[in-house]
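Inside the fold
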Amino acid sequence: RVDALEKKIDVRVDALEKKIDAILAATASAPPASAATASEPPAATSSTDVRTRCRMLASSGDYDSAVYRAVEQSDVDVLLYALDAVGIDKVRTMSPLPFGQLTLLCLVQQLGTTLARDDAVDFKLEWLQLAVLGLDASNPRIADHVPAVLLQVKACMEGLPAAVTARHRERISLLVHVCQSIGSSATRRA
């Protein structure tokens, strides 16, 4: 039974690693967050079906699966829905956070590169801070990807419109600093 669970976990981790690689490859050539358009959900799975599944997973306490399923869609609206279903107040005091490191890294990437796309900046920044602080840059599953993702997120935050930056100056400054610090530290270890 343990071997079967380990195999399932390995399969899921491999899928997440491929997803991160795909996200990194896609965003490396993408326009800056302020010029990007919202991505369309994959045609194979309707947004409503995914949202319903995410809400069910969150309601059952499977927060990692709820958020993973959402980041897997590469649709920030689905992600915001899943995060709302999870509820930051439910998870912020949990130690460790109930999310896998790959889920956290994907969460950081998707939230950090879409800050200026809608009016959910406060919500995104709150979750982004939780996710960044929950990252373990030395985790072998994400270590190779952490510097690139955090550099990308840092650049997106530094390129935010002045009005957004002015309203959220303290939190953005803190996150830029933390992304720089963790990213630099992870690069030195590599």
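Residues numbered from 1 in each chain as written. Predicted model: local features only at pLDDT ≥ 70, side-chain atom pairs only at ≥ 80, totals over all residues. Heavy atoms only, no water.

The end-to-end C-alpha distance of helix α6 (residues 101–112) is 16 Å, a good match for the 16 Å that 12 residues give at a rise of 1.5 Å each. A large share of α6 lies buried, amounting to 12 of its 12 residues. (Helix = DSSP H or I, 4+ residues; strand = E, 2+ residues; numbered from the N terminus. Expected span 1.5 Å × (residues − 1). Buried < 20%, exposed > 50% of the residue type's maximum accessible area, 1.4 Å probe, protein only.)

In this section: the packing of aromatic side chains. Overall, the coordinates contain 1 aromatic pair when judged by the stated rule. On the numbers, 6.2 Å between centres and 70° between planes, the contact of Phe99 with Trp127 is edge-to-face. Note that Phe99 is positioned in the loop between α5 (88–91) and α6 and Trp127 in helix α7 (residues 121–134), a separation of 28 residues in sequence. Here Phe99 falls in the buried class, since its relative accessible area comes to 7%. Exposure remark for Trp127: the relative accessible area of 0% places this residue in the buried category. (Phe/Tyr/Trp six-rings, centres within 6.5 Å; stacked < 30°, edge-to-face > 60°.)

Take Asp62: it is sitting in the loop between α2 (47–59) and α3 (63–72). Given a relative accessible area of 31%, Asp62 falls into the partly exposed group. C-alpha separation for the pair Asp62 and Val86, spaced 24 residues apart in sequence, amounts to 8.8 Å. A polar side-chain atom of Asp62 sits 2.8 Å from a polar atom in the side chain of Ser65. (Polar contact = N/O pair within 3.5 Å; in protein donor to acceptor, adjacent residues only side chain to side chain.)

Turning to the environment of Ala82, a few remarks are in order. Tracing the backbone through its elements, the reader meets Ala82 in helix α4 (residues 76–86). By relative accessible area, which is 0% here, Ala82 ends up buried. Residues Ala82 and Tyr68, 14 residues apart in the sequence, show an inter-C-alpha distance of 9.2 Å. Those residues in contact with Ala82, other than ones at most four positions away along the chain, are Cys54, Ala66 and Ala70. (Contact = heavy atoms within 4.5 Å.)

With that out of the way, let us pick up the confidence of the model for the chain. Here the chain shows a mean pLDDT of 84. Residues at 70 or above account for 74%. Averaged pLDDT values for the elements of the chain fall to 61 in helix α1 (residues 2–28) and rise to 97 in α6. (pLDDT = per-residue confidence, 0-100.)

For the rest of this paragraph, the subject is the pattern of salt bridges. Summed over all chains, the structure comprises 3 salt bridges. Residue Glu126 is joined to Arg92 by a salt bridge in which the shortest nitrogen-to-oxygen separation is 2.7 Å. Residue Glu126 is found in helix α7, and its partner Arg92 is found in the loop between α5 and α6; the two are separated by 34 residues along the sequence. Here Lys154 and Glu158 are joined by a salt bridge, their closest N and O atoms 3.1 Å apart. With Lys154 and Glu158 both in helix α8 (residues 146–158) and 4 residues apart, the pair spans about one turn of that helix. (Salt bridge = Lys/Arg side-chain N within 4 Å of Asp/Glu carboxyl O.)

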